[in-house]
Amino acid sequence: TRYNLRDVLRSDESHYLNLGMRYDRNSFFAGQEDESGNPKGGNWTFRAGYVGHAGDLTAKLLFGQAIQEPSPRQLYGGWGGSGSDPNLQPEKSRTLEVFVGYVDAQLGLGLNPYVNWLSHVIRNPRQEPENTGESTVFGLDVHANTLLDLGGGHDLKLWGFYSWLDAREDNFQRD
């Protein structure tokens, strides 16, 4: 759902609050329990965001959750001798993201820092995959573009992008 905050904030600019929920159910996991005794098979995820505009500036604050179920290859294997584990749990993630952007007729700039927290991470440290623990990913995307008038009805558009990631295993659990 999307809610316009313009009247609440008494602003002429547009401000929106976005909220969403999702339920995923995998019949393979139905009837099973995780390590805490909670039923597996269904996962609720939540997303929320604020988007505001002030002239040529845009600001976003976003939060989201997601799941990534193990692939059939990770659960059952594809051939003899390949590692698999039918007891794998889905990976879960939470992401917090900020975006600040500026756009006018000739220039666009954007700054987008974010952090992603992962749990039940699936890795293959041995022959078969396993849920190994937790991980955190810090990231930053920066982009810019401009439009140069070369005269005579010719323009040149230039883009530049930079991405940085710092991924860390926070809690690696292995027997």
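Described below are features of the structure shown in this document. Computed from a predicted model, the values in this text were never measured in an experiment. (Residues numbered from 1 in each chain as written. Predicted model: local features only at pLDDT ≥ 70, side-chain atom pairs only at ≥ 80, totals over all residues. Heavy atoms only, no water.)

Along the chain, threonine 1 falls in the segment before strand 1 (2-4). Take threonine 1: its relative accessible area is 73%, and that puts it in the exposed class. The spacing of threonine 1 and leucine 17 is 16 residues in sequence and 8.3 Å in space, taken between C-alpha atoms. Sequence-distant contacts of threonine 1, that is, excluding residues within four places in its chain, are made with Leu17, Asn18 and Leu19. (Helix = DSSP H or I, 4+ residues; strand = E, 2+ residues; numbered from the N terminus. Buried < 20%, exposed > 50% of the residue type's maximum accessible area, 1.4 Å probe, protein only. Contact = heavy atoms within 4.5 Å.)

As a further point, take the pairing of strand 4 (residues 57-68). Across eight bridges, strand 3 (residues 42-54) lies against strand 4 in antiparallel orientation. Bridging from a neighbouring strand, alanine 54 pairs with leucine 57 of strand 4. Linkage of strand 3 to strand 4, two consecutive antiparallel strands, is achieved through a turn of two residues, within which glycine 55 is found at a positive phi near 65°. Pairing geometry for strand 4 and strand 5 (residues 91-103), over 12 bridges, is antiparallel. Following the sheet pairing, glycine 64 is matched in strand 5 by threonine 95. (Pairing = 2+ DSSP bridges.)

Side-chain pairs of opposite charge can arise whenever the charged atoms involved come near each other. Evaluated as defined, the whole model comprises one salt bridge. Taking the shortest distance from any N to any O, the salt bridge between aspartate 166 and arginine 168 comes out at 2.6 Å. Of the residues examined, arginine 168 reaches a relative accessible area of 45% and is grouped as partly exposed. (Salt bridge = Lys/Arg side-chain N within 4 Å of Asp/Glu carboxyl O.)

So, about the pairing of strand 3. Bridging between strand 2 (residues 15-25) and strand 3 involves 11 bridges; their strand directions are antiparallel. Counterpart to methionine 21 in the pairing with strand 3 is phenylalanine 46.

Although it is not a glycine, arginine 10 adopts a positive phi angle of roughly 50°. Note that arginine 10 resides in the loop between helix 1 (6-9) and strand 2. A residue is classified by how much of its surface remains accessible, and arginine 10, at 78% relative accessible area, is exposed.

In this section: the environment of valine 121. Examined against the element boundaries, valine 121 turns out to sit in strand 6 (residues 107-123). Assessed through its relative accessible area of 2%, valine 121 is described here as buried. As a C-alpha pair, valine 121 and proline 70 span 51 residues in sequence and 10.0 Å in three-dimensional space. Not counting chain neighbours up to four residues away, the residues in contact with valine 121 comprise Glu91, Glu130, Asn131, Thr132, Gly133, Glu134 and Ser135.

A few words on a nonpolar patch on the surface. A cluster of nonpolar side chains, contributed by Leu61, Leu96, Val98, Val100, Leu111, Trp117, Phe138, Val142, Tyr162 and Trp164, occupies part of the molecular surface with about 830 Å² of accessible area. Mapped by element, the contributors of at least two residues to the nonpolar patch are strand 5, strand 6, strand 7 (130-151) and strand 8 (154-172). Structurally, the position occupied by valine 142 is in strand 7. (Patch = residues over 30% accessible without salt bridge, like charges linked within 9 Å, V, L, I, M, F, W, Y side chains within 5 Å. Areas by Shrake-Rupley, 256 points an atom, 1.4 Å probe, with all protein chains shown as cover.)

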